[in-house]
Amino acid sequence: MAELNNDKNVYLLGAGFSKEVGLPLQDDFLLVAKEVFFKSPTLFKHFEKVFEYQDKLTKMKKYLNYPLLNLEHLFNLIEMDMFYSNSEELAEIKSDFTRLVCDVLTDKTPCPLLHNQSGEPVMNKTFSPYLKFISLFIKDDKRMLELYDDTVISFNYDLVLEGAACIYNWKRHQQDR
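What counts as what
- Residues numbered from 1 in each chain as written.
- Predicted model: local features only at pLDDT ≥ 70, side-chain atom pairs only at ≥ 80, totals over all residues.
- Heavy atoms only, no water.
- Helix = DSSP H or I, 4+ residues; strand = E, 2+ residues; numbered from the N terminus.
- Expected span 1.5 Å × (residues − 1).
- Buried < 20%, exposed > 50% of the residue type's maximum accessible area, 1.4 Å probe, protein only.
- Arc of directions from axis to C-beta.
- Contact = heavy atoms within 4.5 Å.
- Phe/Tyr/Trp six-rings, centres within 6.5 Å; stacked < 30°, edge-to-face > 60°.
- Pairing = 2+ DSSP bridges.
- Core = buried A, V, L, I, M, F, W, Y, C linked by side-chain atoms within 4.5 Å.

Novice: I keep staring at helix α3 (residues 71-85) and nothing clicks. Help me out?
Specialist: In an α-helix, one turn spans 3.6 residues, which is why side chains three or four residues apart end up on the same side. Taking 1.5 Å of rise per residue, 15 residues should cover 21 Å, and α3 covers 21 Å from first to last C-alpha, within 8% of that figure. Taken residue by residue, α3 has Leu71, Leu74, Leu77 and Ile78 as its buried positions. All buried residues of α3 fall inside an arc of 130° around its axis, so they share one side. Turned more than 90 degrees from where α3 packs its buried face, Phe83 and Tyr84 sit exposed. Buried residues belonging to α3 abut α1 (29-39), α2 (47-58) and α4 (88-108). Of the residues trailing α3, asparagine 86 is marked for its positive phi of about 55°.

Here it is, written out as structure tokens:
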């Protein structure tokens, strides 16, 4: 059975944590979304309403001093607009925007496990720094795990940390074989 270490740490994960695997930051998220869109415009047709809304706001730029390429700022403007206008069209744009975020993250997040030429699973090397982070929580002496009573609070929309945990568990399973 695993022992619990009484050392307690709180890790706050935010902007930049997932940049190492190629995910965009808030300020370039919408530019990356356009790249994803142009790879397959039919599949990502719902991006168009978000881009049109952003373009409409850009035309008001001289009255609006707000970075319109920033993901959260644009989302805040949609929320404010919805609050004051009660528009069904804006509710649809908000829904499309949420799908845009999910689709971009899905497209840009690499798979934690790849396959070599023999078809065997291998670790995606871009996750190496995240495995080091996961190791802060677990001391593994192969006979007994020592768990730490740490807390991770993530403000990220992605599953990069979960992907690293997947690799960590897969590697432990490989060692136990």
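Novice: Sorry, what's going on with helix α5 (residues 128-135) here?
Specialist: Listing the buried residues of α5 in full gives Tyr130, Leu131, Phe133 and Ile134. Relative to the axis of α5, the buried residues are bounded by an arc of 155° and lie together on one face.

Novice: Help me understand the side chain of histidine 46 in this model?
Specialist: Mapping histidine 46 onto the fold places it in the loop between α1 and α2. Apart from residues no more than four positions distant in its own chain, histidine 46 is found in contact with Asp96, Arg99, Leu100 and Asp103.

Novice: What is the right way to read the packing of aromatic side chains from this model?
Specialist: The way to describe two aromatic rings as a pair is by their centre distance and the angle between their planes. As enumerated under the stated definition, the model contains 11 aromatic pairs in all. Ring centres 5.1 Å apart and planes at 70° place the aromatic pair phenylalanine 37 and phenylalanine 38 in the edge-to-face group. Here phenylalanine 37 falls in the buried class, since its relative accessible area comes to 6%. For phenylalanine 38, a relative accessible area of 61% puts it in the exposed group. Each ring, one from phenylalanine 44 and one from phenylalanine 47, has its centre 5.0 Å from the other, and the planes form 40°; the classification is tilted. Overall, the relative accessible area of 0% leaves phenylalanine 47 in the buried class. Every member of this aromatic cluster is reached through a ring pair, and the members are Tyr11, Phe17, Phe127, Tyr130 and Phe133.

Novice: Teacher, can you tell me more about the pairing of strand β2 (residues 10-13) here?
Specialist: Regular strands place side chains that alternate from one sheet face to the opposite one. Across the two faces of β2 the burial differs, with Tyr11 and Leu13 buried and Val10 and Leu12 not buried at all. Examined bridge by bridge, β2 and strand β7 (residues 151-154) share four bridges and lie parallel to one another. For leucine 13, the partnering residue across the bridge sits in β7 and is serine 154.

Novice: What is the right way to look at the nonpolar core in this model?
Specialist: Soluble globular proteins tend to bury their nonpolar side chains together. If you look at the biggest cluster of nonpolar residues, it comprises 43 residues, and the most contacted ones within it are Phe47, Leu74, Phe97, Leu100 and Val104. It is α4 that provides the largest number of residues to this core, a total of seven residues.

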